[in-house]
Amino acid sequence: MPRIGFVGVGTIANAVARGLLARYGDDISVALSPRNAEKAAALAAQFPNVEVKASNQEVLDSSDWVVLAVIPRVAKDVLTALSFRADHQVVDLVANFSLEQVREWVGSTASLTRMVPLPFIAQRVGPLALYPDSAQVAEFFEGLGDLVPARNERELDVLQVVTALMSPYYATLGAVVSWGAANGLPAELSARYTISFFEALLQQAKTLSPGQLGEIWKEMTPGGLNELAVTHIQEAGSLAAWEAALDKVLARVLSMK
């Protein structure tokens, strides 16, 4: 039975644990650190194969896989106080630090992989970026989402930056739904139509090549409604603002390393 422990049980670690439990069921044991007691207790109460340990070291001692999910400001102090085994498979979710830095703190382990999961990994959907690409890690986490291996840490940083568009995306959906409601639609109808519409666009996008993705928006009737909308958005600088936002996020990510 795979034994996996979580050092830190925040929102993302909670989602990863739930995704693993959804995939493996009773065929996995999960050890949780005592930090964030409310989330840890909720998981342990829901799943009989989840146990909250008295300390982070107890988590390591009872696990073969170790997920590092502590907040960045305490990461060094927490990790350097622990004794990792040479056979530990370590998955690093801690933002802001390179693999080299984390390796200095945990010492020699069987593997060390940086991973960028998202909250919907709990439902086993969405991208799951990782580096380095490891067959063993990929096999263990297969089924939790779309595994996207990066070729180097810089690529992983860029993939992580894309995740910063989650809030802008939801804000855009919310603005469209609110606009529909302000123009006489029941809020439920506006939300249902808007979500279905954007979902269909994404489904179509999955069938396209990267080159096609960059050009399909131009397939519109001259003088039509889409042209009117995209022209206004371009003139307002809103399309360029998405790239500018990504540039700012990338600069911050790189500055923290």
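Residues numbered from 1 in each chain as written. Predicted model: local features only at pLDDT ≥ 70, side-chain atom pairs only at ≥ 80, totals over all residues. Heavy atoms only, no water.

### A short note on the pattern of salt bridges
Thinking step 1. Counted under the stated rule, the structure contains 8 salt bridges.
Thinking step 2. Linking Arg-85 and Asp-64 is a salt bridge whose minimum nitrogen-to-oxygen distance equals 3.7 Å. With Arg-85 in the loop between α4 (72–80) and β5 (89–92) and Asp-64 in the loop between α3 (56–61) and β4 (65–68), this pair connects stretches of sequence that are 21 residues apart.
Thinking step 3. Given the relative accessible area of 26%, Arg-85 is considered partly exposed.
Thinking step 4. Arg-85 serves as the salt-bridge partner of Asp-87, at 2.8 Å between the closest nitrogen and oxygen.
Thinking step 5. Of the residues examined, Asp-87 reaches a relative accessible area of 44% and is grouped as partly exposed.
Thinking step 6. Several salt bridges converge on common partners, so that one network encompasses Arg-3, Asp-64, Arg-85 and Asp-87. (Salt bridge = Lys/Arg side-chain N within 4 Å of Asp/Glu carboxyl O. Helix = DSSP H or I, 4+ residues; strand = E, 2+ residues; numbered from the N terminus. Buried < 20%, exposed > 50% of the residue type's maximum accessible area, 1.4 Å probe, protein only.)

### Description of the nonpolar core
Thinking step 1. The biggest cluster of nonpolar side chains holds 31 residues, and the ones touching the most others in it are Ile-4, Phe-6, Leu-20 and Phe-141.
Thinking step 2. In terms of residue count, helix α1 (residues 11–24) provides more of this core than any other element does, 7 residues in total.
Thinking step 3. Val-7, Ala-31, Val-59 and Val-78 belong to the second largest nonpolar core, which has 21 residues in total. (Core = buried A, V, L, I, M, F, W, Y, C linked by side-chain atoms within 4.5 Å.)

### Some thoughts on the sheet that holds strand β3 (residues 50–52)
Thinking step 1. Reading across from one edge, β3-β2-β1-β4-β5-β6-β7-β8 is the order of the 8 strands in this open sheet, with mixed pairing throughout. At either margin of the open sheet sits one strand with a lone partner, and together these are β3 and β8 (146–149). Pairs of neighbouring strands in the sheet enclose a mean axial angle of 25°, with direction left out of account.
Thinking step 2. Summarising the sheet, β4 and β5 pair through 4 bridges and their orientation is parallel. Across the sheet, Trp-65 pairs through a bridge with Gln-89, a residue of β5. (Pairing = 2+ DSSP bridges. Axes fitted to C-alpha atoms, helices over the stretch in contact; angles between N-to-C directions.)

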